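Working through the structure, step by step
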Amino acid sequence: CPSSPKPPHSQSEKCATLNMTKITENGKKVRKNWASCWTVLQSSLLIFNKGQGGGSGWFGRDQKNSSEFSVDLRGGSVDWASKDKSSKKHVVELKTRQGMELLLQSENENLINDWHKALTEAIHTYAWE
Ligand code: I3S
(Lines give C-alpha, C1' and ligand atoms only; values in the text may rest on other atoms or scores of the structure.)
Protein backbone atom coordinates (compact mmCIF):
# COMPACT_ATOMS: atom_id res chain seq x y z
CA CYS A 1 0.00 0.00 0.00
CA PRO A 2 2.36 2.74 -1.16
CA SER A 3 0.03 5.62 -0.36
CA SER A 4 -1.26 4.51 3.01
CA PRO A 5 -0.67 7.19 5.64
CA LYS A 6 1.07 5.16 8.30
CA PRO A 7 4.05 3.11 7.28
CA PRO A 8 5.47 0.63 8.02
CA HIS A 9 2.55 -1.51 7.03
CA SER A 10 1.69 -4.70 8.73
CA GLN A 11 1.69 -7.74 6.52
CA SER A 12 -2.01 -8.11 7.11
CA GLU A 13 -2.77 -4.84 5.34
CA LYS A 14 -3.98 -5.16 1.80
CA CYS A 15 -5.21 -2.52 -0.65
CA ALA A 16 -6.68 -2.41 -4.12
CA THR A 17 -9.31 -0.80 -6.27
CA LEU A 18 -12.32 -3.12 -6.36
CA ASN A 19 -15.85 -2.79 -7.68
CA MET A 20 -18.29 -2.97 -4.82
CA THR A 21 -22.01 -2.91 -4.22
CA LYS A 22 -24.14 -3.54 -1.18
CA ILE A 23 -26.99 -5.97 -1.81
CA THR A 24 -28.40 -6.20 1.71
CA GLU A 25 -28.31 -3.75 4.60
CA ASN A 26 -29.63 -4.51 8.09
CA GLY A 27 -31.01 -7.74 6.67
CA LYS A 28 -33.01 -5.95 3.95
CA LYS A 29 -32.37 -6.15 0.23
CA VAL A 30 -31.15 -2.87 -1.25
CA ARG A 31 -30.75 -1.77 -4.85
CA LYS A 32 -27.37 -2.51 -6.38
CA ASN A 33 -25.10 0.44 -6.94
CA TRP A 34 -21.75 -0.75 -8.25
CA ALA A 35 -18.91 1.66 -7.58
CA SER A 36 -15.17 1.56 -7.92
CA CYS A 37 -13.70 1.75 -4.43
CA TRP A 38 -10.26 2.02 -2.97
CA THR A 39 -10.44 -0.94 -0.60
CA VAL A 40 -8.22 -1.58 2.39
CA LEU A 41 -8.15 -4.70 4.52
CA GLN A 42 -6.67 -3.94 7.93
CA SER A 43 -6.81 -6.82 10.38
CA SER A 44 -10.53 -7.52 10.74
CA LEU A 45 -11.63 -4.22 9.21
CA LEU A 46 -12.49 -3.75 5.58
CA ILE A 47 -12.52 -0.08 4.59
CA PHE A 48 -14.02 1.31 1.39
CA ASN A 49 -13.47 4.68 -0.21
CA LYS A 50 -15.87 5.48 -2.98
CA GLY A 51 -14.99 7.87 -5.76
CA GLN A 52 -11.49 6.69 -5.44
CA GLY A 53 -10.66 4.37 -8.28
CA GLY A 54 -7.38 4.47 -10.10
CA GLY A 55 -5.17 3.71 -7.16
CA SER A 56 -4.47 7.21 -5.95
CA GLY A 57 -4.62 5.86 -2.44
CA TRP A 58 -5.61 7.81 0.61
CA PHE A 59 -3.86 10.92 -0.59
CA GLY A 60 -4.94 13.13 -3.43
CA ARG A 61 -8.50 12.01 -3.12
CA ASP A 62 -11.41 14.29 -3.60
CA GLN A 63 -12.50 14.80 -0.01
CA LYS A 64 -15.90 16.27 -0.93
CA ASN A 65 -16.93 13.50 -3.27
CA SER A 66 -15.47 10.54 -1.51
CA SER A 67 -17.40 8.56 1.02
CA GLU A 68 -15.75 6.12 3.33
CA PHE A 69 -17.25 3.29 5.29
CA SER A 70 -15.96 0.16 6.89
CA VAL A 71 -17.26 -3.26 7.82
CA ASP A 72 -16.13 -5.54 10.60
CA LEU A 73 -15.34 -8.99 9.28
CA ARG A 74 -15.53 -10.75 12.65
CA GLY A 75 -18.30 -13.30 12.60
CA GLY A 76 -18.84 -12.77 8.87
CA SER A 77 -18.48 -15.10 5.94
CA VAL A 78 -17.05 -14.94 2.45
CA ASP A 79 -17.68 -17.03 -0.63
CA TRP A 80 -17.77 -16.83 -4.41
CA ALA A 81 -21.10 -15.32 -5.42
CA SER A 82 -23.48 -17.63 -7.21
CA LYS A 83 -24.49 -16.78 -10.80
CA ASP A 84 -27.86 -15.41 -9.72
CA LYS A 85 -26.22 -12.72 -7.57
CA SER A 86 -24.50 -11.02 -10.49
CA SER A 87 -23.87 -11.38 -14.19
CA LYS A 88 -20.31 -10.20 -13.65
CA LYS A 89 -17.29 -12.47 -13.52
CA HIS A 90 -15.09 -12.95 -10.46
CA VAL A 91 -17.54 -11.84 -7.79
CA VAL A 92 -16.99 -12.39 -4.08
CA GLU A 93 -19.94 -12.27 -1.71
CA LEU A 94 -19.31 -11.02 1.79
CA LYS A 95 -21.80 -11.31 4.63
CA THR A 96 -21.27 -9.49 7.90
CA ARG A 97 -22.67 -10.30 11.30
CA GLN A 98 -24.43 -6.92 11.20
CA GLY A 99 -26.66 -8.17 8.40
CA MET A 100 -24.90 -6.52 5.48
CA GLU A 101 -24.18 -8.34 2.24
CA LEU A 102 -21.70 -6.94 -0.23
CA LEU A 103 -20.41 -8.01 -3.60
CA LEU A 104 -16.79 -7.35 -4.51
CA GLN A 105 -15.60 -7.71 -8.07
CA SER A 106 -12.59 -7.21 -10.27
CA GLU A 107 -11.84 -8.02 -13.89
CA ASN A 108 -8.43 -9.09 -12.65
CA GLU A 109 -8.81 -12.75 -11.73
CA ASN A 110 -5.54 -13.01 -9.80
CA LEU A 111 -6.40 -9.94 -7.80
CA ILE A 112 -9.85 -11.16 -6.81
CA ASN A 113 -8.50 -14.64 -6.00
CA ASP A 114 -6.04 -12.95 -3.66
CA TRP A 115 -8.80 -10.97 -1.99
CA HIS A 116 -10.99 -14.02 -1.61
CA LYS A 117 -8.10 -15.73 0.15
CA ALA A 118 -7.19 -12.72 2.30
CA LEU A 119 -10.79 -12.14 3.40
CA THR A 120 -11.24 -15.83 4.23
CA GLU A 121 -8.03 -15.75 6.27
CA ALA A 122 -9.00 -12.54 8.06
CA ILE A 123 -12.38 -14.00 9.01
CA HIS A 124 -10.73 -17.16 10.37
CA THR A 125 -7.95 -15.27 12.15
CA TYR A 126 -10.15 -12.76 13.92
CA ALA A 127 -13.23 -14.90 14.47
CA TRP A 128 -12.74 -15.49 18.18
CA GLU A 129 -10.89 -12.38 19.33
O1 I3S B 1 -29.10 -8.12 -9.83
P2 I3S B 1 -29.59 -7.11 -10.81
O3 I3S B 1 -30.74 -6.31 -10.32
O4 I3S B 1 -29.78 -7.68 -12.17
O5 I3S B 1 -28.41 -6.06 -10.89
C6 I3S B 1 -28.15 -5.19 -11.96
C7 I3S B 1 -28.82 -3.86 -11.75
O8 I3S B 1 -28.58 -3.38 -10.43
C9 I3S B 1 -28.36 -2.81 -12.72
O10 I3S B 1 -28.85 -1.55 -12.34
P11 I3S B 1 -30.35 -1.03 -12.51
O12 I3S B 1 -31.23 -2.19 -12.74
O13 I3S B 1 -30.56 -0.41 -11.16
O14 I3S B 1 -30.36 -0.03 -13.59
C15 I3S B 1 -26.84 -2.69 -12.75
O16 I3S B 1 -26.45 -1.77 -13.71
C17 I3S B 1 -26.20 -4.03 -13.02
O18 I3S B 1 -24.79 -3.88 -12.99
C19 I3S B 1 -26.65 -5.07 -12.04
O20 I3S B 1 -26.24 -6.35 -12.33
P21 I3S B 1 -24.84 -7.08 -12.26
O22 I3S B 1 -25.17 -8.39 -12.88
O23 I3S B 1 -23.90 -6.25 -13.04
O24 I3S B 1 -24.38 -7.26 -10.85
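Here, every reference points to the structure presented above.
Here is what the cut-offs are and how they apply
- Residues numbered from 1 in each chain as written.
- Predicted model: local features only at pLDDT ≥ 70, side-chain atom pairs only at ≥ 80, totals over all residues.
- Helix = DSSP H or I, 4+ residues; strand = E, 2+ residues; numbered from the N terminus.
- Buried ≥ 20, exposed ≤ 12 C-beta atoms within 10 Å, placed from the backbone.
- Expected span 1.5 Å × (residues − 1).
- Arc of directions from axis to C-beta.
- Contact = placed C-beta atoms within 7 Å.

What follows concerns unusual backbone geometry. With glycine set apart, most residues show a phi of negative sign, and most peptide bonds adopt trans. Unusually for a residue other than glycine, Asn-26 sits at a positive phi of about 50°. For Ser-43, which is not glycine, the phi torsion reads 55° and is therefore positive. Note that Ser-43 resides in the loop between β3 (35-42) and β4 (45-50). On the neighbour-count criterion, Ser-43 (15 C-beta atoms within 10 Å) is partly exposed.

Right, let's get into helix α1 (residues 109-126). For α1, with 18 residues, the first-to-last C-alpha span of 26 Å sits near the 26 Å given by 1.5 Å per residue. Restricting attention to buried positions, one finds in α1 the residues Ile-112, Trp-115, Leu-119 and Ala-122. The buried residues of α1 occupy an angular sector of 85° when the element is viewed end-on, so they sit on one face. In α1, those exposed residues whose orientation departs by more than 90 degrees from the buried face are Glu-109, Asn-110, Lys-117 and His-124. At its buried positions, α1 is contacted by β1 (14-25), β3, β6 (77-80), β7 (91-95) and β8 (101-105).

Limitation: the analysis is restricted to geometry and does not speak to function.
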